[in-house]
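# What the coordinates show
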Amino acid sequence: MTSKHRYRLRTAAGRIGGALLFLLTVCYIFAALGIFSLGLIAFPSALLGRLGLLTVISDLAPLALMLISGGILLLGTGMSLCIIPVCIALTGRLKRISRTAEIFGKKAAYEETQTS
């Protein structure tokens, strides 16, 4: 396998990996915001149901429902706060992938001129 073929294979793998990493990050962002919004809606309604100001119909006990919705709210808040570091890490990883592809491209071009 020539260095040109290896370069093309690594470039294709880097692009596919970068696209999958981007899609994974987008899915994480949507999941974090979805869980946060679910907790933001469920916890106050469970709290108001526990206080008797709202009628909540559920198979769960009121205390269990309040604890579960509070846990969902805490999980969503933590995931939402981690969106910024995740996006920073994604940017750094994508820069590293493109920089590596650039280095291998230069190396393949140099080897091509040396063999010609």
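Residues take numbers from 1 onward in each chain, read along the sequence in its written order. Where totals are concerned, whole chains, interfaces and linings use all residues; where local detail is concerned, this predicted model gives features only for residues with pLDDT of at least 70, and gives and counts side-chain atom pairs only at 80 or more. Side-chain numbers come from the whole structure's heavy atoms, not from hydrogens or water.

Another aspect to go through is the overall build of the protein chain. Elements are defined by DSSP. Helices are runs of H or I of four residues or more, strands are runs of E of two residues or more, and each kind is numbered from the N terminus. What the protein chain contains, in helices and strands, is three helices and zero strands. Secondary structure of the protein chain in N-to-C order comes out as α-α-α. Relative to its length of 116 residues, the protein chain is extended, with a C-alpha radius of gyration of 25 Å against a globular reference of 13 Å. Its C-alpha atoms give the protein chain principal-axis dimensions of roughly 85 × 25 × 15 Å. Considering the protein chain as a whole, with its 116 residues, one finds that 16% of them fall into the buried category. The contact criterion used throughout is that any non-hydrogen atoms of two residues lie within 4.5 Å. Here the analysis covers contacts within the protein chain between residues at least 6 apart in sequence; of these, 75% occur between residues at least 24 apart. We count Lys and Arg on the positive side and Asp and Glu on the negative side, and we leave His and both chain ends out. To locate a charge, take atom NZ for lysine, CZ for arginine, CG for aspartate or CD for glutamate. For the protein chain, the distance from the average position of its 12 positive side-chain charges to the average position of its 4 negative side-chain charges is 5 Å. In this description the radius of gyration comes from C-alpha coordinates, and the expected globular size is given by 2.2 Å times residues to the power 0.38. Accessible area is worked out with a 1.4 Å probe on protein chains only. A residue is then buried under 20% of its type maximum, exposed over 50%, and partly exposed in between.

A word on the packing of helix 1 (residues 3-51) against helix 3 (residues 83-115). In the contact formed by helix 1 and helix 3, the axes pass within 9 Å of each other and the chain directions differ by 175 degrees. When the axes of helix 1 and helix 3 are compared, the pair comes out roughly antiparallel. Under the scheme applied, nonpolar residues are Ala, Val, Leu, Ile, Met, Phe, Trp, Tyr, Cys and Pro; charged residues are Asp, Glu, Lys and Arg; polar residues are all the others, including Gly. Residues of the contact of helix 1 with helix 3, tallied by class, amount to 16 nonpolar, five polar and five charged. Here the axes come from fitting lines to C-alpha atoms, over the contacting stretch only for helices, and the angles between their N-to-C directions go from 0 to 180 degrees. Geometric relationships in this document are graded by angle, where less than 35 degrees denotes roughly parallel, more than 145 denotes roughly antiparallel, 65 to 115 denotes roughly perpendicular, and other angles denote oblique.

Turning next to helix 2 (residues 62-81). Helix length check: helix 2 (20 residues) gives 28 Å between terminal C-alpha atoms against 28 Å at 1.5 Å per residue, within 8%. In this structure, the buried side of helix 2 is in contact with helix 1 and helix 3. For a helix, the expected span equals 1.5 Å multiplied by the residue count minus one.

In this model, helix 1 (49 residues) spans 71 Å end to end at C-alpha, consistent with the 72 Å of a helix rising 1.5 Å per residue. For helix 1, the full list of buried residues reads Ser3, Thr11, Gly14, Gly18, Thr25, Ala32, Gly39 and Ala46. Where helix 1 is buried, its residues contact helix 2 and helix 3. Following helix 1 by one or two positions, Gly52 adopts a phi angle in the positive range, close to 90 degrees.

Further remarks concern the packing of helix 2 against helix 3. Orientation of helix 2 relative to helix 3, taken along the N-to-C sense of each, is 35 degrees, at an axis distance of 4 Å. Contact with helix 2, carried on its side by Met79, Ser80 and Leu81, involves Ile83, Ile84 and Pro85 of helix 3 and no other residues of that element. Partitioning the contact of helix 2 with helix 3 into residue classes produces five nonpolar, one polar and no charged.

Moving on: the pattern of salt bridges. Salt-bridge detection follows one rule: a side-chain nitrogen of Lys or Arg within 4 Å of a carboxyl oxygen of Asp or Glu. Here the structure, examined in full by the defined rule, presents two salt bridges. We note a salt bridge from Glu102 to Arg99, for which the minimum N-O separation is 3.2 Å. Of the two residues, Glu102 and Arg99 are both situated in helix 3; the distance of three residues between them amounts to about one turn of the helix. Judged by its relative accessible area of 38%, Glu102 is partly exposed. Owing to a relative accessible area of 43%, Arg99 belongs among the partly exposed residues under this scheme. Across the pair Glu102 and Lys106 runs a salt bridge, and its minimum N-O distance is 3.5 Å.

A few words on the confidence of the model for the protein chain. One confidence number per residue, pLDDT, is output by the predictor and ranges from 0 to 100. Summarising the model, the protein chain shows a mean pLDDT of 88, and 98% of its residues fall at 70 or more. Within the protein chain, helix 3 has the poorest average pLDDT of any element, 85, and helix 2 the best, 94.

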